[in-house]
Amino acid sequence: VEKKQKRKRSLNTFAKVTSSIVLMASVTLLAALFGFSLGFMSQAEPRSDELLAEGNQLILAGDPEAGLSLIEQAIELDPESVELLSSRAIAQSFLGDNTAAIASYKAALAIEPDSPDLLYNLANVYEAVDMQQAIVHYLAASKVDSPIQVEALNNLARVYLLTGQIQQAEEILSRLPTDVESPP
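### A look at the environment of I135
Here's step 1: Of note, I135 is situated in helix 8 (residues 131–142).
Here's step 2: Here I135 falls in the buried class, since its relative accessible area comes to 7%.
Here's step 3: Put simply, I135 and T163 are 28 residues apart on the chain and 9.8 Å apart in space, counted from C-alpha to C-alpha.
Here's step 4: In this structure, I135 is in contact with L156, V159, Y160, T163 and Q165, ignoring residues within four places of it in sequence.

### Focus: helix 4 (residues 64–77)
Here's step 1: Its 14 residues place the ends of helix 4 20 Å apart at the C-alpha level, agreeing with the 20 Å of an ideal helix rising 1.5 Å per residue.
Here's step 2: Check the buried side of helix 4 and you find it contacts helix 3 (48–60) and helix 5 (82–94).

### Side note on the environment of Y105
Here's step 1: Note that Y105 resides in helix 6 (residues 98–111).
Here's step 2: Sequence separation of Y105 and I90 is 15 residues, and the distance between their C-alpha atoms is 8.9 Å.
Here's step 3: Each residue touching Y105, except ones within four places of it in the same chain, is listed here: S86, A89, I90, L118, N121, L122 and V125.

### So, helix 6
Here's step 1: A rise of 1.5 Å per residue sets the reference length of helix 6, with its 14 residues, at 20 Å; its end C-alpha atoms lie 20 Å apart and thus fit the reference within 8%.
Here's step 2: Where helix 6 is concerned, the buried positions are N98, A100, A101, I102, S104, Y105, A108 and L109.

### As for the pattern of salt bridges
Here's step 1: Under the definition given, this model contains 4 salt bridges.
Here's step 2: In this structure, the salt-bridge partner of R88 is E72, at a minimum N-O distance of 3.3 Å. Within this pair, whereas R88 is found in helix 5, its partner E72 is found in helix 4, the two being separated by 16 residues in sequence.
Here's step 3: Given a relative accessible area of 15%, R88 falls into the buried group.
Here's step 4: Across the pair E171 and R175 runs a salt bridge, and its minimum N-O distance is 3.6 Å. With E171 and R175 both in helix 10 (residues 166–175) and 4 residues apart, the pair spans about one turn of that helix.
Here's step 5: Judged by its relative accessible area of 44%, R175 falls in the partly exposed class.

Rules used in this analysis
- Residues numbered from 1 in each chain as written.
- Predicted model: local features only at pLDDT ≥ 70, side-chain atom pairs only at ≥ 80, totals over all residues.
- Heavy atoms only, no water.
- Helix = DSSP H or I, 4+ residues; strand = E, 2+ residues; numbered from the N terminus.
- Buried < 20%, exposed > 50% of the residue type's maximum accessible area, 1.4 Å probe, protein only.
- Contact = heavy atoms within 4.5 Å.
- Expected span 1.5 Å × (residues − 1).
- Salt bridge = Lys/Arg side-chain N within 4 Å of Asp/Glu carboxyl O.

Below you can see the structure in the form of structure tokens.
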């Protein structure tokens with residue numbers, strides 16, 4: 001009789017454990033099908049900010065290809081992140097792939113179209129491949145009141161000079177503030 005009771009308890013425990021496993025598998029499958037994230041599962045995936053930090057460290061350590069690869073993985077996790085798209089553009093530009101960097105900055109600008117920083121950085125990359133586009137983007141960045149406005153105007157004047165547009169450069173330089181302190 002005692003053996004039968006032990007066996008019955010074992011079978012009941014087994015049934016409970018089995019139904020819990022089946023229930024957990026069903027919930028996980030449904031979550032995956034409907035795009036829900038389960039907290040216990042997402043902890044196993046590396047977060048995009050961690051991948052970005054590791055990617056930046058690799059770039060600084062002299063391995064930009066590996067760093068870019070980690071940034072790409074981060075973008076897969078968070079494709080709408082302006083920070084990640086901009087970081088990818090910086091890495092691509094560092095590797096000399098200006099066409100890809102321009103595409104990455106344009107993707108970031110699609111999310112934040114009025115960002116003076118993105119416009120300025122895109123103009124910096126365009127300087128290597130298309131001076132007229134650099135002018136367009138420096139001009140757009142300089143029209144937004146932001147900390148980068150003076151730098152955008154300076155670079156715009158420089159590009160005007162480089163392209164022989166002296167009068168435009170002089171006009172821009174005349175608009176620059178004259179009370180800027182020199183660095184220490």
